[in-house]
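Listed below are the residues making up each chain.
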Amino acid sequence: MRLQRSPALAAVLIIITCVCAFYTTAAINIPLEIEQPPTITAQPPSSLIAFPFDESFPMTCEAKGNPRPEFRWTKNGQEFNHSVDPRLMKEENSGTFVIPNNGNLTEYQGTYRCYASNTLGTAVSQEVEFIVSNEPKFPKETLDPVKVDEGQPFILKCDPPTGIPPLQIYWMTINMQHIQQDERVSVGLNGDLYFSHAVEKDSRTDYCCFASFPRIRTIVQKTAMSVHVKPRARDSSESANAILERRPSLLTPPGVQSEKQLVKGDDLELECIPEGIPTPKVEWVKIGLGLPDGAEVENHGKLLIIPRADQKDSGKYMCKAKNPLGEAVHYFTVTVEEPPEWVSEPQSQLSMIGTDVLIKCSARGTPEPSITWRVNGVPLKDSPAANRRIFDDTIIIRNSKASDSAVYQCEASNRHGSLLSNANIMIRNLPPMILTKDGEGYFAVESRGVTLHCNAFSSPPSTITWSKDDSSESVEGSRFKIHDDGSLEISRAEKSDAGQYTCLAKNTEGSSNIDAMLYVKDATRIVVTPEDQQILKGSEALLSCLAEYDESFSHDFELVWEKDDIEISFNDTVNLRYFVEDSVLHIVNVSHGDQGVYRCVARTPVDQDEASALLMVLDVPDAPENLVLSEHRGRSVKLTWIPGDDHNSSITDFIIEYEENKWEMGKWRELLRVSRNQNSAVLRLHGHVEYRFRVYGVNSVGAGPPSKPTEMYRTPPAAPDKNPENIKIEGHLPHEMDINWEPLLPIEHNGPGLEYKVSYRRQDVEEEWTEHTVKRHSFVVKNTPTFVPYEIKVQAKNNQGWGPEPRIVSGYSGEDSFFWICPQEVTSVPSTAPDDVAVEVMNSSVVKVTWTPVHKDKLRGHLGGYRINWWRLRSLVDSKKRHGDKHMLTFPGDRNHATVPGLTPFSEYSLIVMTFNGRGNGPGSHPINFKTPEGVPEKNPVFRVTDVQRHSISLTWTPPSEPNGILTGYLLEYQLINGTEEVGALQTIDINNPKTSKWVLRDLEPLSKYKLYLRSCTTKGCGPVVSEECTTDLETTPLLFNVSLAASSSFANISWISGGEHAEFYIAYKNKREGHWKISEALNTSLTSHTIDGLEPETEYIVRLIPISRVDNYSIFEDVIMTPGLASVHGGISTQGWFIGLMCAIALLTLIVLIACFVNRNKGGKYSVKEKEDLHPDVESQGMNDDTFCEYSDNDEKPLKGSQHSLSREIKAGDSGDSLVDYGDEDAQFNEDGSFIGEYGPRKEKRVSAEIKAPVQTPA
């Protein structure tokens, strides 16, 4: 019943609404401690379908209230006592019952509603329809065959059975083959199969309609239908396939217009299926507007679908079927309707006694919903009340009393559904009841917000105030805010905010209060965050995460690691490769599955901080896949592939390899390299070969695994594609020319029968090519003129034909020759030395050498280059001449100057220059002597601390091995270091006496560490520094006195005298060149000596005595010793009696031999010619090397007939320090590749022999 609204009544309603709004609490949540009517908390859906495969079907109804509600049900509007049916399963204190699927369910089919009641009212659930689905079946029937003339339309009816939607229709043959659909044949929305016109191929006997019901998992089949198409009779004037054409008409829908209604949210589907010849095409339009966005046309244009239609899709639509003979149209009037939807849903209310209560309920929908009111489940008209009125969509209760408390139901319905809402109306006056627990503790984080709760329930509503620490004043400030629900929000909490807070709730009926404690903690903060990483597979990843947090949470703090939002469990056997150590996450043996986002979460009970890092795993590319060979064209084929995963490192290249089964089966070789943006390549191949191919990718990590190989591909034979390369023309002998070349690889033969055609002719005369065919890869041309140019070419051929035109190369026949010593020996080295050799000193270690090149007529072959030999005669500090090691540099090519580096400053050198060709070195030039200027000295080999006192340090050193000039003195520096970052000022002492080798530093700090530096100086400056560290002492008594060393070839003996107090020390020694210290066991000063074993002969050693209490570089004693050779006599036995007697015997025997030699010399005389040969050897001898047939020798073991040698001459030859004999003719090792590297060869001593052999002497 609707009332007529008047202006006066509307004004009264507005006033009442304002007053009620002031005193009413909407959408209340009343605590169960207070008496209240029932509230439905769970109810069934609007429909419940009994699927046959479900075990049971729950009818849910749950409610809360005080007193506890009781439940009852109605079925189809009648009372239904579910508790008396033993088949139904019930739950205690619940309205829910369960219908089991163990029998006939049809008797339970119907519409149910649940009621929950207590003494204060009744709440009602929405209606639920329990639907029992029957198994859909097609009727058993006998269908007559469908007979149709060719060209006529026809329809096969499906008429599917009813069942639980959705319904899906399929047309298939008896063999489950789908009937092909197109513009002529299609299935309609009703399931029928439409044919626009019949053709002969439509004739068949097994048209079957299948209806599928997915929700009940059922498919049913209709009896197969038979169609017979009668071919149309054709006149002789008609073509064989001629069929009379026909304008379109619509098989469905019938007529020219129809109406379509649907519910908002459903898909709008409009269908037009035409017939005609030719087959018509269908067009869709919306009258006055274009088709909506999202509109779809399916079923070959016959079906228009607008998904999820709404009000704007209502209107008029038209379909038009056209062919060349005309068109047919149909109009659709579409109306989109809506089920009910709340505009204003009634709300539960708690109101004061004596106030006016308004309950509003309105809904919208299409058609417009009807509104039905109930109170406690009873229609409003059946439960009258004097103070209750209905005004349009609102119930007004005037001057409400406690007895007016009830549950009001409002239901809005139209043909598309219904809505039901319960509103609990409570009329009571209540003092405040604070629902939040008293004494609650809250934790806040400094500089962040916190909320303290105070949920109060009362009628009328309470006023909430908050105070702190027993203060009567309410908290104030911009950081404090009290919300409508009573909670106190504190923003940007400070440490001073900590304390006890009191919430006071007060209304006209009374007051209540609770306390709360607030603790303000330091914020949790990650200070070291994990960083993004790219890491190689198989290595170890390290992710750091270090956090700061409030110290009070030391037992409650946890650091959690997550991967891709899933926490990592370190106790899980799956994650054995993960562990955390010192706030670092270790991932051992990283695999591809470890890639992802890792999050570190630092968590306390009150807050947390987190940081993330991306871990990318790098690896070689995966193997390419799907290799395909295509475009086969004899000796070329196209290979395509699909690249594998690059594992976060872009592929740079693809390598294509091949394997052939004829020459090197099982061996893969690279064929082609292509760039990363290619996944195919055309392969150029050799002939007469069976190939297989594979591909692998390369990225910055490395080469990935190869793909699976392709199938075999065989190429046809062909003529050679290339000729031999690297043709070499050599003249090992006069009048011959050797021609050699690199043979073609077996795979390059391109077919059987490979041979080479060698062609040659002289270059300097006009003559025809001389040709020879050979199978080997060399050929010798006989009887050639000496060293004349030739043109040569070599061409390959096989049974298929000749290779390409060969390239012409030039070469020379055999070089000139002459005989030397051995008649069978041939040599052809350059015949003269460079002239005008001069030396220009560039600095103390580099000189520039110039010369006049040797004329080509004297080269006797191809010029190889020039060699410079030089040797050091003496140091200018020492006037005594002695040969140093000989050095050599090779300079390829034709040149007239070179630079010689690496010389020792302040020295005298000698130098010769020679040229060389393919046979060897020519004679050397006349030696040139030169001097290098003064430089800075080398390091001092010994610099050590000999004594340490409280305020002084004693030092000793030896001069540099190479002063590189005249020493002017030493620069001694020292500074205090004491193990701190700051060091003391550098103190400098200039020692101007070069003979000084000791110094005492005085006035030092006791127990302090000093760094000591020493450099030797010349007029050119000071050399490199040598340093020591030492700590001054408290005691002044030295540990050891009179330390001495005696060395043998394999051991050394150290002796000493103890300083009095017994202490322990080490002996450390090392090979001066190798630099690895060896340390003895601890020794006591009470001993008097120690022997070091295992030394090498002729080796320098540094020996130190180090106190065991020292940790720095301080030593008691340091010296350098040189072990003698194996033939030497140990110094330790030189003073023994038997040794002295042996030496005397040897001396007497030596004297007798000398007398015998002197007599023999006087008898035989001196062979002066031989001495001259030794001092001035023939320059031709300098060209001999190991490549000649007979080695040239000037050895005295083959003396000239009748010659005699004296001991004096033998000694003279051996002692000559700057003789050209020793340095001019030595063929030392050298490089011929043009590198600027000096080769150092050992000095080759001149060997001499005598008729009378002297016994071997061992020097003392």
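Source: prediction; values computed, not measured. (Residues numbered from 1 in each chain as written. Predicted model: local features only at pLDDT ≥ 70, side-chain atom pairs only at ≥ 80, totals over all residues. Heavy atoms only, no water.)

Chemist: Help me understand the overall build of the protein chain in this model?
Modeler: Across its full length, the protein chain holds 5 helices and 99 strands. For the protein chain, the proportion of its 1260 residues judged to be buried stands at 43%. In the protein chain, once contacts between residues fewer than 6 apart in sequence are set aside, the share between residues at least 24 apart is 65%. Counting only carbon and sulfur atoms, one obtains 49% of the accessible surface of the protein chain, whose full area is about 66,900 Å². (Helix = DSSP H or I, 4+ residues; strand = E, 2+ residues; numbered from the N terminus. Buried < 20%, exposed > 50% of the residue type's maximum accessible area, 1.4 Å probe, protein only. Contact = heavy atoms within 4.5 Å. Areas by Shrake-Rupley, 256 points an atom, 1.4 Å probe, with all protein chains shown as cover.)

Chemist: Help me understand the pairing of strand β9 (residues 97-100) in this model?
Modeler: When a strand is regular, its side chains alternate between the sheet's two faces. Going residue by residue along β9, you find F97 and I99 tucked away on one face and V98 and P100 tucked away on the opposite face as well. Summarising the sheet, strand β4 (residues 56-59) and β9 pair through 4 bridges and their orientation is antiparallel. Its bridge partner lying in β9, P58 is registered against V98. Here strand β8 (residues 89-90) pairs with β9 via 2 bridges, running antiparallel. Residue pairing across strands places M89 opposite V98, the latter belonging to β9. (Pairing = 2+ DSSP bridges.)

Chemist: Looking at this model, I keep getting lost on the environment of K316. Mind explaining?
Modeler: With respect to the helices, strands and loops of the structure, K316 is situated in strand β28 (residues 315-323). Along the chain, K316 and T335 lie 19 residues apart, while their C-alpha atoms are 9.0 Å from each other.

Chemist: Could you clarify how one ought to interpret the pairing of strand β35 (residues 388-391) in this entry?
Modeler: Note that β35 and strand β36 (residues 394-397) share 4 bridges and pair antiparallel. Within the sheet, the bridge partner assigned to R388 lies in β36 and is I397. Connecting the antiparallel pair β35 and β36 is a turn made up of 2 residues, with D392 showing a positive phi of about 55°.

Chemist: What is the right way to read the packing of aromatic side chains from this model?
Modeler: One pair of aromatic rings is described through two measures. These are the centre distance and the angle between the planes. Inspection of every chain in the model, using the stated rule, returns 23 aromatic pairs. Arranged with centres 6.4 Å apart and planes meeting at 35°, the rings of Y760 and F779 form a pair that is tilted. Taken together, the residues Y760 in strand β67 (residues 755-762) and F779 in strand β69 (residues 778-782) connect sequence positions 19 residues apart. Just as Y760 is buried, F779 falls in that class too. Through a chain of ring-to-ring contacts, three or more aromatic side chains come together here, namely W73, F80, F97 and Y112. Its guanidinium or amino end placed over the ring of W802, K757 lies 4.6 Å from that ring's centre, counting from NZ or CZ. (Phe/Tyr/Trp six-rings, centres within 6.5 Å; stacked < 30°, edge-to-face > 60°. Lys NZ or Arg CZ within 6 Å of the ring centre and 35° of its normal.)

Chemist: Can you help me understand unusual backbone geometry in this one?
Modeler: The phi angle of most residues is negative, glycine excepted, and most peptide bonds adopt the trans form. Cis peptide bonds are those with omega within 30 degrees of zero, and the linkage from P165 to P166 qualifies with 5°. The omega torsion across I277 and P278 is -5°, close enough to zero to call that bond cis. Tracing the backbone shows P278 in the loop between β24 (273-277) and β25 (281-286). With a phi angle near 50°, R492 is a residue other than glycine that sits in the positive phi range. Within the secondary structure, R492 sits in the loop between β45 (488-490) and β46 (499-507).

Chemist: It is not clear to me how the side chain of T932 should be interpreted in this structure. Could you clarify?
Modeler: With respect to the helices, strands and loops of the structure, T932 is situated in the loop between β82 (928-931) and β83 (943-948). At a separation of 2.8 Å, a polar atom in the side chain of T932 contacts the main-chain carbonyl oxygen of T904. From its side chain, T932 meets the backbone nitrogen of F906 in a polar contact 3.0 Å long. (Polar contact = N/O pair within 3.5 Å; in protein donor to acceptor, adjacent residues only side chain to side chain.)

Chemist: Help me out: how do you make sense of the nonpolar core in this one?
Modeler: Side chains of a nonpolar character, in soluble globular proteins, are inclined to be buried together. Judged by nonpolar contacts, the single largest core of 24 residues is most densely connected at F154, L156, W171, L193, F195, Y207 and V227. Secondary structure elements with two or more residues in this core: β14 (154-156), β16 (185-187), β17 (193-195), β18 (204-213) and β20 (225-230). The biggest single contributor to this core is β18, with 4 residues. Each residue touching L193, except ones within four places of it in the same chain, is listed here: F154, I155, L156, W171, I179, V185, S186, V187 and Y207. Among the nonpolar cores identified, the runner-up in size contains 23 residues, and A50, Y108, C114 and A123 belong to it. (Core = buried A, V, L, I, M, F, W, Y, C linked by side-chain atoms within 4.5 Å.)

Chemist: Sorry, what's going on with the sheet that holds strand β43 (residues 463-468) here?
Modeler: Strands belonging to one sheet form pairs held by backbone hydrogen bonds; the direction of such a pair is parallel or antiparallel. The strand order across the open sheet built from 4 strands is β40-β47-β46-β43, with neighbouring strands paired in mixed fashion. Either end of the sheet is taken by a strand with one partner, and the two such strands are β40 (440-445) and β43. In this sheet, neighbouring strand axes are inclined to one another by 30° on average, regardless of whether the strands run parallel or antiparallel. Sheet topology note: the β43/β46 ladder contains 6 bridges and is antiparallel. Paired with S467 across the two strands is T502, which belongs to β46. (Axes fitted to C-alpha atoms, helices over the stretch in contact; angles between N-to-C directions.)

Chemist: I would appreciate a short explanation of the sheet that holds strand β54 (residues 578-581) in the present structure.
Modeler: Spatially, β50-β55-β54 is the arrangement adopted by the 3 strands of the open sheet, whose pairing is antiparallel. Both edges of this open sheet fall to β50 (541-544) and β54, since each of them pairs with a single strand only. Each strand axis lies, on average, 25° off the axis of its neighbour in the sheet, ignoring direction.

Chemist: Can you walk me through a negative patch on the surface in this structure?
Modeler: A cluster of acidic residues, D266, D267, E269, E296 and E298, forms a negative patch at the surface. Summarising the element assignment, D267 is placed in the loop between β22 (257-263) and β23 (268-271). Residue classification places D267 among the partly exposed positions, given a relative accessible area of 42%. (Patch = residues over 30% accessible without salt bridge, like charges linked within 9 Å, V, L, I, M, F, W, Y side chains within 5 Å. Salt bridge = Lys/Arg side-chain N within 4 Å of Asp/Glu carboxyl O. Lys, Arg positive; Asp, Glu negative; His and termini not counted. Charge placed at Lys NZ, Arg CZ, Asp CG, Glu CD.)

Chemist: Can you walk me through the pattern of salt bridges in this structure?
Modeler: Opposite charge on two side chains lets them pair, provided their charged atoms get close. Under the defined criterion, the tally for this structure stands at 55 salt bridges. A salt bridge links K281 to E183; its shortest N-O distance comes to 2.9 Å. Of this pair, K281 sits in strand β25 while E183 sits in the loop between β15 (168-172) and β16, and the two are 98 residues apart along the sequence. In this structure E183 comes out as partly exposed when scored by relative accessible area, which is 34%. One salt bridge in this structure joins K495 and D522, with 3.0 Å as the shortest N-O distance. You can see K495 sitting in the loop between β45 and β46 and its partner D522 sitting in the loop between β47 (510-521) and β48 (525-528), a full 27 residues away along the chain. The partly exposed category is assigned to D522, whose relative accessible area is 32%. It is possible to trace a salt-bridge network through shared partners that takes in E562, D565, R599 and E610.

Chemist: Is there a simple way to think about the side chain of H647 in this case?
Modeler: Its location among the elements puts H647 in the loop between β59 (636-642) and β60 (653-660). Leave out the neighbours within four places in its chain, and H647 touches H592, V617, L618, D619, V620, P621 and D622.

Chemist: What is the right way to look at the state of the cysteines in this model?
Modeler: Covalent bonding between the sulfur atoms of two cysteines defines a disulfide. Scanning all chains against the criterion turns up 7 disulfides. A sulfur-sulfur separation of 1.9 Å characterises the disulfide bridge that pairs C61 with C114. The chirality of the disulfide connecting C61 with C114 is left-handed, given an S-S dihedral of about -75°. One end of the pair, C61, is in the loop between β4 and β5 (62-66); the other, C114, is in strand β10 (residues 110-118), and 53 residues separate them in sequence. (Disulfide = S-S within 2.5 Å.)

Chemist: Hey, could you run me through the confidence of the model for the protein chain in this one?
Modeler: Caution applies to low-pLDDT regions: their predicted coordinates should not be interpreted in detail. Within the protein chain, residue pLDDT values average 83, and 84% of them lie at 70 or more. Under a pLDDT of 50 for its full length, residues 236-242 has, in the predicted model, 7 contacts with residues more than four places off or in other chains. (pLDDT = per-residue confidence, 0-100.)

Chemist: What's the story with the environment of N799 in this structure? I'm lost.
Modeler: Along the chain, the position of N799 falls in the loop between β70 (789-798) and β71 (801-802). On a C-alpha basis, the gap between N799 and G753 in space is 5.3 Å, while along the polypeptide they are 46 residues apart. Other than its neighbours up to four places away in sequence, N799 contacts P752 and G753.

Chemist: I keep staring at the environment of G315 and nothing clicks. Help me out?
Modeler: Mapping G315 onto the fold places it in strand β28. Along the sequence, G315 and F332 sit 17 residues apart, while their C-alpha atoms lie 8.2 Å from each other. Excluding residues within four positions of it along the chain, G315 makes contact with K286, F332, T333 and V334.

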